[in-house]
Amino acid sequence: MTENSTLIDWFRASTSYINAHRGKVFVVLLSGEALEDDNLAKIIDDLSLLHSLGAKLVLVHGARPQISKALAATGKELRYHRNLRITETDCMATVRETVGDLSYWLDGLLSMGTANSPMHGAQLRLIRGNFVTAKPVGIHDGIDFHYTGKVRKIHAQAIQKQLDEGNLVLLSNLGYSLTGEVFNLSAEEIATEAAIALNAEKLLLLLPTAGVLDSDGQQLPSLNEQDAVANMERLQQFDDEQSSCIAQALSAALHAYRHGVHRTHLISFKDNGALLQELFTREGNGSLLSSDSFDLLRNAQVADVPGILNLIKPLEDNGTLVERSRERLENEIENFKLIELEGSIIACAALYPISEDAAELACIAIHPNYQKQKLGSRLLQSLESEARSNGVKSLFVLTTVTSHWFIEHGFVESSPEALPETRQKLYNFQRNSKVLCKPLG
Ligand SMILES: CC(C)(COP(=O)(O)OP(=O)(O)OC[C@H]1O[C@@H](n2cnc3c(N)ncnc32)[C@H](O)[C@@H]1OP(=O)(O)O)[C@@H](O)C(=O)NCCC(=O)NCCS
């Protein structure tokens, strides 16, 4: 029963995400390392599920470790200059063969549909083609990069047409020049440029770690541009493979971000279900570089009540917030403002008038994944300006554990006696909250 109700709750809670993702373009980077991981079969199942739920998917696969191994087997190796590989003419046959093999192998995996597989009935149609025009990297510092290429153009319209017809598009790290040659490109660059050219809703980069970890090894669920730059620069100082892989992913994410891709998720390819958890739960399971959380501040409506209850329940349980029943919340909903991200409520706060020129700020809550991004300050600012325009001169707040945060935002310590009489009567002496007040000039 408990397991069932957890599943049912989870399924219900995912509805807003299913609706938000339907019809949106997601570009997914499957690095060569991800293709070698034991979890790949699960990732393929999850991508197929995502496709079934209406997301338009462009998969971009890399082949770096596979190419290195194939070249080593023939006694050759890729040389590097400025961290960029040099693809000499005599390596290209092996590169083409290796990438071609991987693409066909992925075609096969994505075509599975046996009765006992989660892809049964999915009927996924996969399209590959010459969607990427490449140009040579050229000669730098006197070093010729030969068949190492760069993206010249992504044929976004042609890809979009396939997506609109319900097909999934698979791109590899190879591109084709107008002179008819094949070039070896970085899959990160193709994924990033494809996301930009397609104006994708999301770029999903699959990594060997659970997103971006800070210097203490703690996962960073959400990043703004400055966080992403700081972590990229920190990781660039290390020369282990994992740090450079994440630094590279952050660099790709930043490039996409600066060219209009508003959400890049960095998700583990090793963790079973991480992709679904990141995309269909508020808690997520990776790191999200995004620009949009500040844009979605709005007044709450009755339909938001379940989302607000979800957000504040843990804070009511630990005593930080006073308990509110669903009925009370429904009655008081017009006092609330919230911040929504992808259909999910990540922050809320309320403003209650308590006399002609006094109001109380209450129930301010930011989901733990989104704290320290100034969402609290932003909500406070918005409610303060609403209070001002309603003629409020004194803004009160009652708090047990957050007084310092309010003091840092211009509140000063006050006392229950300073509250307007009607509110004084309701003061809960057992709770013994501190009363703070901010004069609104
Ligand atoms: C308090 C809260 C609303 C702040 O929201 P936020 O979006 O994280 O706030 P901001 O980004 O504007 O500010 C973050 C800063 O406040 C600090 N802060 C958070 N909670 C604090 C507290 N209880 N006391 C003092 N400082 C606090 C953070 O450490 C951070 O400081 P830093 O920037 O120096 O690292 C949020 O932490 C929250 O929802 N807390 C739980 C609910 C709660 O306490 N509500 C108040 C009930 S009256």
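Preceding this section is the structure that the text describes.
1. Quick look at the overall build of the protein chain
Within the protein chain, the regular secondary structure consists of 16 helices and 23 strands. Counting only C-alpha atoms, the protein chain reaches 85 × 55 × 35 Å along its principal axes. Across the 441 residues of the protein chain, 50% fall into the buried class. For the protein chain, contacts bridging at least 24 residues in sequence account for 71% of all contacts bridging at least 6. Carbon and sulfur atoms form 49% of the exposed surface of the protein chain, whose accessible area is close to 21400 Å². Charged side chains in the protein chain number 41 positive and 55 negative. The centres of these two groups are separated by 4 Å.

2. Some words on the sheet that holds strand 2 (residues 56-61)
With respect to topology, eight strands assemble into an open sheet ordered 5-10-2-1-13-15-16-14, the strand pairing being mixed. Taken across any chain shown, the strands that pair with only one partner, and hence form the sheet edges, are strand 5 (126-127) and strand 14 (222-223). Strand direction decides the pairing type here: strand 13 (residues 202-207) and strand 15 (residues 263-268), joined by five bridges, are parallel. By the bridge assignment, L204 is partnered in strand 15 with H265. Across the sheet, helix 6 (residues 92-111) touches strand 2, strand 5 and strand 10 (168-171), and the angle it forms with strand 2 is around 145 degrees. Each of strand 1 (25-30), strand 2, strand 5 and strand 10 is contacted by helix 7 (residues 156-164), which is oriented at about 125 degrees to strand 2, the strand it contacts most.

3. Observations concerning the sheet that holds strand 20 (residues 358-366)
Spatially, 17-18-19-20-21-23-22 is the arrangement adopted by the seven strands of the open sheet, whose pairing is mixed. Every other strand in the sheet has two partners, leaving strand 17 (297-299) and strand 22 (412-413) as the edge strands with one partner each. With three bridges connecting them, strand 17 and strand 18 (residues 336-341) associate as antiparallel partners. Residue pairing in the sheet places N299 in a bridge with K337 of strand 18.

4. Describing the site of the ligand
In the vicinity of the ligand lie 20 residues, with K372, K374, G376, S377 and T402 positioned nearest. Between the ligand and I364, the relevant distance is 2.8 Å, taken from a nitrogen atom to a main-chain nitrogen or oxygen of the residue. The separation between an oxygen atom of the ligand and a polar main-chain atom of G376 is 2.7 Å. For the ligand, whose unbound accessible area comes to 910 Å², protein coverage reaches 74%. Listing elements by their share of the shell around the ligand, those giving two or more residues are strand 20, helix 14 (375-389), strand 21 (394-399) and helix 15 (403-408).

5. Here's the deal with empty space enclosed by the protein
The rolling of a water-molecule-sized probe over the atoms marks out the regions of remaining empty space. Considering all chains together, one arrives at two cavities of 30 Å³ or more under this definition. Taken as a whole, the largest cavity spans an internal volume of roughly 140 Å³. Lining the largest cavity are 17 residues, and of these E278, T281, R282, L288 and Y370 sit closest to its centre. Elements represented by at least two residues in the lining of the largest cavity include exactly strand 16 (286-290) and strand 19 (344-353). Grouping the constituent residues of the lining of the largest cavity by class yields six nonpolar, seven polar and four charged.

6. Observations concerning the side chain of H61
Within the secondary structure, H61 sits in strand 2. By relative accessible area, which is 0% here, H61 ends up buried. Within the structure, the side chain of H61 is placed 2.7 Å from the side chain of S103, a separation counted as a polar contact. Those residues in contact with H61 that sit more than four places away from it in its chain are L30, L35, V99, L102, S103, L106, L170, L171, S172, N173 and A187.

7. Quick notes on a negative patch on the surface
Judged by side-chain charge, E33, D239, D240 and E241 come together as a negatively charged surface patch. Within the element layout of this structure, D239 appears in the loop between helix 9 (225-236) and helix 10 (241-258).

8. Concerning the nonpolar core
Residues V27, V58, V60, I159, L171 and L250 are the most contacted members of the largest nonpolar core, which totals 45 residues. No other element matches helix 10, which puts nine residues into this core. In this structure V27 touches V58, V60, A191, A194, A195, L198, A200, K202, L203 and L204, once residues within four positions along its chain are discounted. By size, the runner-up hydrophobic cluster in this structure holds 40 residues, among which are L71, L78, L110 and F269.

9. Brief notes about the pattern of salt bridges
Enumeration over the complete set of coordinates arrives at 19 salt bridges. The residue E386 makes a salt bridge to K337 at a minimum N-O spacing of 3.2 Å. Within this pair, whereas E386 is found in helix 14, its partner K337 is found in strand 18, the two being separated by 49 residues in sequence. Here E386 falls in the partly exposed class, since its relative accessible area comes to 28%. K337 sits in the buried class, given a relative accessible area of 11%. Here K434 ties to E413 by a salt bridge, and the two come within 3.9 Å at their closest N and O atoms. Of this pair, K434 sits in strand 23 (residues 434-439) while E413 sits in strand 22, and the two are 21 residues apart along the sequence.

10. Re unusual backbone geometry
The residue D141 is not glycine, and still its phi comes out positive at about 50 degrees. Relative to the elements of secondary structure, D141 occurs in the loop between strand 7 (139-140) and strand 8 (143-144). Exposure remark for D141: the relative accessible area of 51% places this residue in the exposed category. Positive phi, normally seen in glycine, also occurs at C363, with a value near 55 degrees.

Rules used throughout
- The numbers attached to residues start from 1 for each chain and follow its sequence in the written order.
- Residues qualify for local features only when their pLDDT is at least 70, as the model is predicted, and side-chain atom pairs are given and counted only at 80 or more; totals for whole chains, interfaces and linings, by contrast, use all residues.
- Heavy atoms from the whole structure form the basis of all side-chain values; hydrogens and water molecules are not counted.
- A run of H or I in DSSP counts as a helix once it spans at least four residues, and a run of E counts as a strand once it spans at least two, with each numbered from the N terminus.
- Accessibility here uses a 1.4 Å probe with only protein chains present; expressed as a share of the type maximum, an area under 20% marks a residue as buried, one over 50% as exposed, and anything in between as partly exposed.
- For this analysis, residues touch if any pair of their heavy atoms sits within 4.5 Å.
- Per-residue and other accessible areas were derived by the Shrake-Rupley procedure at a 1.4 Å probe size, with only the shown protein chains allowed to occlude residues.
- Asp and Glu count as negative and Lys and Arg as positive, but His and the ends of the chain are not part of the count.
- Each charge is placed at NZ for Lys, CZ for Arg, CG for Asp and CD for Glu.
- In short, DSSP must find at least two bridges between two strands for them to pair.
- To get an axis, fit a line to the C-alpha atoms, keeping to the stretch in contact for a helix; angles then go from 0 to 180 degrees between the N-to-C directions.
- Throughout, near means a residue has at least one heavy atom within 4 Å of the molecule or strand.
- Here a polar contact means two N or O atoms within 3.5 Å. Within protein one must be a hydrogen donor candidate and the other an acceptor candidate, and residues neighboring in sequence count only if both atoms are side-chain atoms.
- Two kinds of site are reported from a 1 Å grid over the protein atoms alone, namely cavities, where a 1.4 Å probe fits but cannot get out, and pockets, open sets with protein on both sides within 12 Å along at least five of seven lines, and residues are called lining when an atom falls within 4 Å of a point.
- Grid points are joined across faces, edges and corners, and a volume is the space filled by probe spheres set on the points.
- Only Asp, Glu, Lys and Arg are considered charged in this grouping, and only Ala, Val, Leu, Ile, Met, Phe, Trp, Tyr, Cys and Pro are considered nonpolar; every other residue, Gly among them, is considered polar.
- Each patch is built from residues lacking any salt bridge and having more than 30% relative accessible area; the joining distance is 9 Å for like charges and 5 Å for nonpolar side chains (Val, Leu, Ile, Met, Phe, Trp, Tyr).
- The salt bridge criterion pairs a side-chain nitrogen of Lys or Arg with a carboxyl oxygen of Asp or Glu, the two atoms within 4 Å.
- Put simply, a nonpolar core is a bunch of buried Ala, Val, Leu, Ile, Met, Phe, Trp, Tyr and Cys residues held in one set by side-chain atoms that sit within 4.5 Å of each other.

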